[in-house]
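So you can see what is in the structure, the chains are spelled out below.
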Amino acid sequence: MKNLILGYPRGWNRWQCLEKSLKSIGQEVDVATEDFDKIVGPYDRIYTVSESLLPIQAKLEKQWGLKNVSEKAADILSDKSKFDSWCGTIGLQDLIPYSIRPTNPGHLDRFKESPFIIKPIIGSGGKPGGLNYISFKNKRDFLLSIDTSFFTENEKGWEDSEFNNRINHYIAQEQLPTESEMWAAYYYVNETGVLKDLLWVKGKVGYNQIDEYKYETKCIEWMSVNKEDVPKDIIYECQRFMERLVATLNLRNMFFSGPDFYKFNNVIKTIDCNPRIGQGLQQMDSVHDYTIVPKILKGKPFSYNKQMLWKIADLKPGKIKSVKDLSHLKEYWCKTNNDRLKPGETIQKFTHITSERVPRIAFLITGINESDIRKKYQTVNNQLQECINYY
């Protein structure tokens, strides 16, 4: 079988995982990270590891007679606003936080006394800059933080170079409580439409007050768990959500990272259903000697003999003067850590697992039980802290 993977250079960890897994089961693979209009096929199967490129996959599939994702489905899956609307039409509105694309101040009246987060409709993750993934306690705080041109510019949209020059807009979405229980699952739907949950994790959200009006909430850790340890109502709602989504959009041969489920005050809401392979699954694949994803692709049984904690390092903030040798800690290093832990850089008071442009060190700690894993994390974190000298 001849496979094509669509992604961006910055998403190397995702497409390298798939490329390695497909080659290990004897399949041909090409990876395209630019010049998407120059792709020459045909291919037997396409995997997209950045959802903003799904419309390109759908266009190519139509050209080559493949039927894994339609142009309609690709449009919905790659646009948060359209995705939320679609969920409402298929009976899942009870799980979706309220959101709106604000083009005048009146559109934010719902948030006069309640918090909300600003998100771009195209793209995922914590891409820095502008208002991306910034939260406000109410409408008043938001209006005091923006230029008056925000609403007219948001109505028009902008060409986003980060996401293949697609036209982007902001939505204002109900802010889910940081004290919520947070659970997520990874899924794969195969060539016949059979949906399988691959991995369950629980998360923790951190809070950072940016200034008088703005704050941010970001995930600071994920811990893999056995399915039997996940609350039954979370499993039920997650399965209901995914089964209905896959069936109504007629999806095939697609990984999902998420959805993330928040449980608070007997309420369950979901966000971040990313139609691509996710980093948590990639990391579980790596700690199991790269045997998990190949088995998923071949439809074979698999199991995990260890759990993992993916957590940002908890370091003292300040400007770095020097860093001692870290070779003894590299076995716990997350592969997507950046190279900014060096003299002259400044460790921020708040860092999350997708932070950019600042030192970002996350650990990948494995073991059998959570208590031992967390003790190991604390030991490794302390050892790293001892290696850093500050001005």
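Scroll up to find the structure.
Rules and cut-offs
Residues numbered from 1 in each chain as written. Predicted model: local features only at pLDDT ≥ 70, side-chain atom pairs only at ≥ 80, totals over all residues. Heavy atoms only, no water. Axes fitted to C-alpha atoms, helices over the stretch in contact; angles between N-to-C directions. Helix = DSSP H or I, 4+ residues; strand = E, 2+ residues; numbered from the N terminus. Parallel < 35°, antiparallel > 145°, perpendicular 65-115°, else oblique. Left-handed = near helix turned anticlockwise from the far one by under 90°. Contact = heavy atoms within 4.5 Å. Nonpolar A, V, L, I, M, F, W, Y, C, P; charged D, E, K, R; others polar. Buried < 20%, exposed > 50% of the residue type's maximum accessible area, 1.4 Å probe, protein only. Pairing = 2+ DSSP bridges. Expected span 1.5 Å × (residues − 1). Disulfide = S-S within 2.5 Å. Core = buried A, V, L, I, M, F, W, Y, C linked by side-chain atoms within 4.5 Å. Salt bridge = Lys/Arg side-chain N within 4 Å of Asp/Glu carboxyl O.

Novice: So what exactly am I meant to see when it comes to the packing of helix α1 (residues 12-24) against helix α8 (residues 279-287) here?
Specialist: Working note: a packed helix pair is described by the angle between its axes plus the distance between those axes. α8 packs onto α1 with a crossing angle of 45° between their chain directions and a minimal axis gap of 10 Å. The orientation of α1 with respect to α8, classified from their angle, is oblique. α8 is crossed by α1, and the crossing has left-handed handedness. Counting all contacts with α1, which are made through Asn13, Arg14, Cys17 and Ser21, the residues of α8 involved are Gln279, Gln282 and Asp285. By residue class, the composition of the contact of α1 with α8 is one nonpolar, four polar and two charged.

Novice: Would you take a moment to explain the side chain of Thr336 for this structure?
Specialist: Within the secondary structure, Thr336 sits in the loop between β16 (318-323) and β17 (346-347). Residue class for Thr336 comes out buried when judged on its relative accessible area of 16%. Residue contacts for Thr336: discarding those within four places in its chain leaves Trp12, Asn13, Gln279 and Arg360.

Novice: Would you mind going over the environment of Thr379 with me for this structure?
Specialist: Structurally, the position occupied by Thr379 is in helix α10 (residues 370-386). For the pair Thr379 and Ile368, spaced 11 residues apart in sequence, the C-alpha to C-alpha distance is 17 Å.

Novice: What is the right way to read the sheet that holds β16 from this model?
Specialist: Across a sheet, strands are paired by hydrogen bonds formed along the backbone, either parallel or antiparallel in direction. The antiparallel open sheet is built from three strands, whose spatial order is β17-β16-β19. Whereas interior strands pair on both sides, the edge strands pair on one side only; in this sheet they are β17 and β19 (388-390).

Novice: Is there a simple way to think about α1 in this case?
Specialist: Given a rise of 1.5 Å per residue, 13 residues ought to cover 18 Å, and the 18 Å separating the end C-alpha atoms of α1 matches this to within 8%. Turning to α1, its buried residues number three or more, namely Asn13, Arg14, Trp15, Cys17, Leu18, Glu19, Ser21 and Leu22. On the buried face of α1, the contacting elements are β1 (2-6), β2 (28-32), β3 (45-48), β13 (254-264), α8 and α9 (292-298). Positive backbone phi, at 80°, marks Gly26, one or two positions downstream of α1.

Novice: What is the right way to read the state of the cysteines from this model?
Specialist: Each disulfide consists of one covalent bond between the sulfur atoms belonging to two cysteines. Tallied over the full model, the rule gives zero disulfides. With no disulfide partner, Cys238 has as its closest neighbouring cysteine sulfur the one in Cys273, 8.2 Å distant. Cys387 carries a free sulfur, and the closest cysteine sulfur to it, the one in Cys334, is 18 Å from it. Cys387 sits in the buried class, given a relative accessible area of 6%.

Novice: Before we go on, may I ask you to explain the sheet that holds β1 in this structure?
Specialist: If you trace the three strands from one edge of the open sheet to the other, you get β2-β1-β3, paired in parallel fashion. Looking at the sheet topology across the chains shown, the edges are occupied by β2 and β3. Between one strand and the next, the sheet's axes are offset by a mean angle of 20°, whatever the strand orientation. Taken together, the four bridges between β1 and β3 define a ladder with parallel strand orientation. Within β3, the position partnered with Leu4 by the bridge is Ile46.

Novice: When you look at the nonpolar core in this model, what are you seeing that I'm missing?
Specialist: Burial of nonpolar side chains together is a common tendency in soluble globular proteins. Counting residues in each nonpolar core, the largest one holds 41 residues, and the members touching the most others are Phe255 and Leu281. If sequence neighbours within four positions are ignored, Leu281 has contacts with Tyr186, Leu198, Leu199, Phe255, Ile292, Val293, Ile296 and Tyr304.

Novice: Would you mind showing me how to read the pattern of salt bridges here?
Specialist: Two side chains with opposite charge may pair up if their charged atoms get near one another. Under the criterion given, the structure shown has 17 salt bridges. The partner of Arg10 in a salt bridge is Glu162, with the nearest N and O atoms 3.5 Å apart. Here Glu162 lies in the loop between β7 (158-160) and β8 (166-168) and Arg10 lies in the loop between β1 and α1, a separation of 152 residues in the sequence. Of the residues examined, Glu162 reaches a relative accessible area of 35% and is grouped as partly exposed. Close ionic contact of Glu51 with Arg276 constitutes a salt bridge, the shortest N to O distance being 2.9 Å. With a gap of 225 residues between them, Glu51 in the loop between β3 and α2 (54-64) and Arg276 in the loop between β14 (267-271) and α8 connect regions that are remote in the sequence. Residues participating in the shared-partner salt-bridge network are Lys202, Glu221, Lys311, Glu370 and Arg374.

What is shown is where atoms sit, not what they do.
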